[in-house]
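Spelled out from the first residue to the last, the chains are:
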Amino acid sequence: MYFRQNYSCNAGRKPMSIMLKIFIPLCFFSIILMCSCEDRQSTSKRDDHTKHAVSCSDSKTIPWNLKELFNSPRFIWIDTESHIRSILYEGLSYQGNPMNTFAYYSTPGLVTGDRSKDKDLPAVVLIHSWGSSATPQWVELWARRGYAAISMDLNGLGPDRKRLDNAGPPAQDYMSDVWNYHGLARIVLAHSLIRSFPEVDEDRTAITGVSVGGHLVCSVIGIDTRFKAAVPVYGCGFLHEID
């Protein structure tokens, strides 16, 4: 009532009109400015995640060179005909030679035969359990759910479950410093690889693993901040035995 009484006369309407003409554009400009700042902050946060991860590597708080791991590795397609493709990609050096890592890969378009579906796909990296290997059925399951999916072997085995050339540390070295070092590197490189594929939206990637794979998920997300989601599945057993 006080507002209306003070501006109910003709003499009061003119200054009110002038104030509104100034106030409304200022509000509008302020909203645009805030939205612009939020966009810049969002972009800045994404950049900061990568810079922070790389700075950790530079400061030698972790043993990996993340600048190297965040680049897509060299790879070759072993099978380009099946709906579940086979890949061999290059890892870090082990005993003087770059390691080979075998993986399965698929997409919604490959499993359905409709490649028009393969655009801006979310992606998932799948980590197998102890005693298991790269799993084509798991890849197909996630591809049919609408994801690009990759499942790699962490013990240097190929599709026939025989050791590859330059396979890296043997499975019996599981949970040793050397095995963990290369296992985590294989996972981060698989992430870099799947992010590089043109059908994948690199800003929508996730990781999941079972048992040992769940344990490794918990470790990987501590160094690879590019993942948007992580789901470890009962990956916490025998923690008391880890140094």
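The text that follows walks through the structure, step by step, so that each part is easy to find.

**Details of the overall build of the protein chain**
In step 1: Check the secondary structure of the protein chain and you find seven helices and seven strands.
In step 2: For the protein chain, the N- to C-terminal ordering of α and β elements is α-α-α-β-β-β-α-β-α-β-α-β-α-β.
In step 3: The 243 residues of the protein chain split such that 41% are buried.
In step 4: Partitioning the intrachain contacts of the protein chain with sequence separation of at least 6 by distance along the chain shows that 63% fall at a separation of at least 24.

**Describing the side chain of H182**
In step 1: Within the element layout of this structure, H182 appears in helix α6 (residues 177–196).
In step 2: Look at H182 and you get buried, because its relative accessible area is 4%.

**Thoughts on α6**
In step 1: Across its 20 residues, α6 extends 29 Å between first and last C-alpha, which sits within 8% of the 28 Å expected from 1.5 Å per residue.
In step 2: A large share of α6 lies buried, amounting to 16 of its 20 residues.

**Focus on unusual backbone geometry**
In step 1: A positive phi angle, near 55°, is found at Q95, a position not held by glycine.
In step 2: By the element assignment, Q95 lies in the loop between β2 (85–94) and β3 (97–106).
In step 3: For D120, which is not a glycine, the phi torsion comes out positive at approximately 50°.
In step 4: Its location among the elements puts D120 in the loop between α4 (108–112) and β4 (121–127).

**Quick notes on the environment of Q137**
In step 1: With respect to the element layout, Q137 can be found in helix α5 (residues 136–144).
In step 2: Separated by 14 residues in the primary sequence, Q137 and S151 have C-alpha atoms spaced 9.7 Å apart.

**Some details on the nonpolar core**
In step 1: Membership of the largest hydrophobic core comes to 36 residues, with the highest contact counts inside it found for W64, L69, V125, I127, M152, I187 and I194.
In step 2: Here this core gets nine residues from one element, more than from any other, and that element is α6.
In step 3: Those residues within four positions of M152 in sequence are excluded, and the remaining contacts are Y89, T101, F102, A103, V125, L126, I127, H128, A134, I187 and A190.
In step 4: Counting residues in hydrophobic clusters, the runner-up holds 13 residues, among them L88, V111, V139 and A143.

**Concerning the pairing of β3**
In step 1: With seven of its 10 residues buried, β3 lies for the most part within the structure.
In step 2: Where β2 meets β3, eight bridges bridge the pair, whose relative direction is antiparallel. Bridge pairing links E90 to N100 in β3.
In step 3: Following β2, the chain reverses through two residues before pairing antiparallel with β3; Q95 in that reversal takes a positive phi of roughly 55°.
In step 4: The pairing of β3 with strand β5 (residues 148–152) spans four bridges and is classified as antiparallel. For Y105, the partnering residue across the bridge sits in β5 and is I150.

**With respect to the packing of aromatic side chains**
In step 1: Evaluation of the coordinates by the stated rule reveals eight aromatic pairs.
In step 2: Taken together, a centroid distance of 5.7 Å and an interplanar angle of 5° make the contact between W64 and Y181 stacked. With W64 in the loop between α2 (10–58) and α3 (66–69) and Y181 in helix α6, this pair connects stretches of sequence that are 117 residues apart.
In step 3: According to the relative accessible area criterion, Y181 is partly exposed, its value standing at 26%.
In step 4: Their ring planes at 85° and their centres at 4.8 Å tell us that F102 and Y104 sit as a pair that is edge-to-face.
In step 5: What makes F102 buried here is its relative accessible area of 1%.
In step 6: Ring pairs connect the aromatic residues F75, W77, Y105 and F197, which therefore count as one cluster.
In step 7: Of note, R145 hangs over the ring of W142, and the distance from its end group to the ring centre comes to 4.9 Å.
In step 8: Stacked on the ring of F70, the Lys or Arg R226 has its end atom at 3.9 Å from the ring centre.

Cut-offs and rules
Residues numbered from 1 in each chain as written. Predicted model: local features only at pLDDT ≥ 70, side-chain atom pairs only at ≥ 80, totals over all residues. Heavy atoms only, no water. Helix = DSSP H or I, 4+ residues; strand = E, 2+ residues; numbered from the N terminus. Buried < 20%, exposed > 50% of the residue type's maximum accessible area, 1.4 Å probe, protein only. Contact = heavy atoms within 4.5 Å. Expected span 1.5 Å × (residues − 1). Core = buried A, V, L, I, M, F, W, Y, C linked by side-chain atoms within 4.5 Å. Pairing = 2+ DSSP bridges. Phe/Tyr/Trp six-rings, centres within 6.5 Å; stacked < 30°, edge-to-face > 60°. Lys NZ or Arg CZ within 6 Å of the ring centre and 35° of its normal.

Everything listed here is a matter of geometry and, on its own, says nothing about what the molecule does.
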